[in-house]
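# Summary of the model geometry
Chain by chain, the residues run as shown.
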Amino acid sequence: MKPVLTIAGSDSGGGAGIQADLKTMEAFGCYGMSVITAVTAQNTRQVWAVRELEAQVVEQQLQAVLSDITPQAVKIGMVYTAENVEVIVRALERWPHGPVVLDPVLVSTSGRALIRREAAEALERLLFPLSDVLTPNLPEAERLLQRCREGNAERQPGEPEREDWGSLQPWTDRQMEQAAVALNERYKTAILLKGGHRAGDASDVLCEDGKLSWFRGERILDRKGSHGTGCTLSTAITCGLAEGRTLKDSVEKARSYLEGALRAAPGLGQGNGPLCHGWRSLEEHVI
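The shown structure was predicted, so the numbers you read here are calculated from the model rather than taken from an experiment.

The rules behind these values
- Residues numbered from 1 in each chain as written.
- Predicted model: local features only at pLDDT ≥ 70, side-chain atom pairs only at ≥ 80, totals over all residues.
- Heavy atoms only, no water.
- Phe/Tyr/Trp six-rings, centres within 6.5 Å; stacked < 30°, edge-to-face > 60°.
- Helix = DSSP H or I, 4+ residues; strand = E, 2+ residues; numbered from the N terminus.
- Buried < 20%, exposed > 50% of the residue type's maximum accessible area, 1.4 Å probe, protein only.
- Expected span 1.5 Å × (residues − 1).
- Pairing = 2+ DSSP bridges.
- Polar contact = N/O pair within 3.5 Å; in protein donor to acceptor, adjacent residues only side chain to side chain.
- Contact = heavy atoms within 4.5 Å.
- Salt bridge = Lys/Arg side-chain N within 4 Å of Asp/Glu carboxyl O.

## Topic: the packing of aromatic side chains
Summed over all chains, the structure comprises three aromatic pairs. Ring geometry for F28 against Y257: centres 5.1 Å apart, planes inclined by 70 degrees, an arrangement best described as edge-to-face. Taken as a pair, F28 in the loop between α1 (17-27) and β2 (31-42) and Y257 in helix α8 (residues 247-263) lie far apart in primary sequence, 229 residues in all. Given a relative accessible area of 13%, F28 falls into the buried group.

## A short note on α8
Compared with the 24 Å implied by 1.5 Å per residue over 17 residues, the 24 Å span of α8 between its first and last C-alpha is a close match. Within α8, burial applies to L247, S250, V251, A254, R255, Y257, L258, G260, A261 and L262.

## Structural notes on the sheet that holds strand β5 (residues 100-102)
Pairing within the open sheet is mixed, and its nine strands lie in the order β3-β2-β1-β4-β5-β6-β7-β8-β9. Strands at the two margins of the open sheet, each flanked by one partner only, are β3 (47-52) and β9 (211-215). Direction of pairing for strand β4 (residues 73-76) relative to β5: parallel, over a ladder of three bridges. Paired with I76 across the strands is L102, a residue of β5.

## With respect to the pairing of β3
Taken together, the five bridges between β2 and β3 define a ladder with antiparallel strand orientation. By the bridge assignment for β3, A38 is matched with E52.

## Some remarks on the side chain of T44
Relative to the elements of secondary structure, T44 occurs in the loop between β2 and β3. Polar contacts involving the side chain of T44 include one to the main-chain amide nitrogen of G271, which spans 2.9 Å. Leaving out residues up to four positions away in the same chain, T44 has contacts with L268, G269, Q270, G271, N272, G273 and P274.

## Structural notes on the pattern of salt bridges
Pairing between side chains of opposite charge can happen when the charged atoms of each approach one another. Evaluated as defined, the whole model comprises 13 salt bridges. Here D21 ties to K75 by a salt bridge, and the two come within 3.0 Å at their closest N and O atoms. In this pair, D21 sits in helix α1 while K75 sits in strand β4, placing the two residues 54 residues apart along the sequence. In this structure, E59 and R90 form a salt bridge, with 3.6 Å as the shortest nitrogen-oxygen distance. On the criterion of sequence distance, the pair formed by E59 in helix α2 (residues 55-66) and R90 in helix α3 (residues 82-94) is long-range, its members being 31 residues apart. The class of E59 is partly exposed, set by a relative accessible area of 34%.

Structural data, given as structure tokens:
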């Protein structure tokens, strides 16, 4: 059983964040460990409140876990404050660990900010260089690409000739490829650009060392919930890396798992409901 660590926020509704991460790790047969960075009051309809944990508490959690059990891979989600970014960086530099998957959580689906401005800057400056892969969705990619333009007078390699990265809807395949290449060049780490927010299919593109790989998939319509898809996918990828799989293979298996969790969504709540993280066990039980 491979130990895997998630560093993220808590979702009181159980559909995303730490709760979704631990459920996903269990489904992959990994031993889940957690460091909580923030507590949210949320349900399937909205995020009511966000409260960060003090940096000292986050640091103590990290020390307690990493000094005892070495994670074979680490997933980082919601961080929220610059101080917490800094303690995470110090911990990763001090203690041994496996590959790092960073899901740059910026805002909730309902539009609530899940990271402070100074924390987003620290995340980009300090944690991106320590990560093996970033998994932005399209709105997150737009923000990162806009920062690229703001910080550089000249166009980045592979970057489309556009004045504004902030309005790329409806996102063609070519635009996704260009964006993934630009972010790969910018941050010197693999980029999995998730296409779930664009119209049409739900395909993702991976840029690893400048090489592109597409993962094609249909959009699952008329389902009962998709809350926590980003957290679930990035954690599933982390589990694959912990098992020693290649990044490409890890993405393929993670997407297959996520599709099953979406199709089996239990329809809980009055808004965008959770996935069924234990769908494999349910299928085995039925059989």
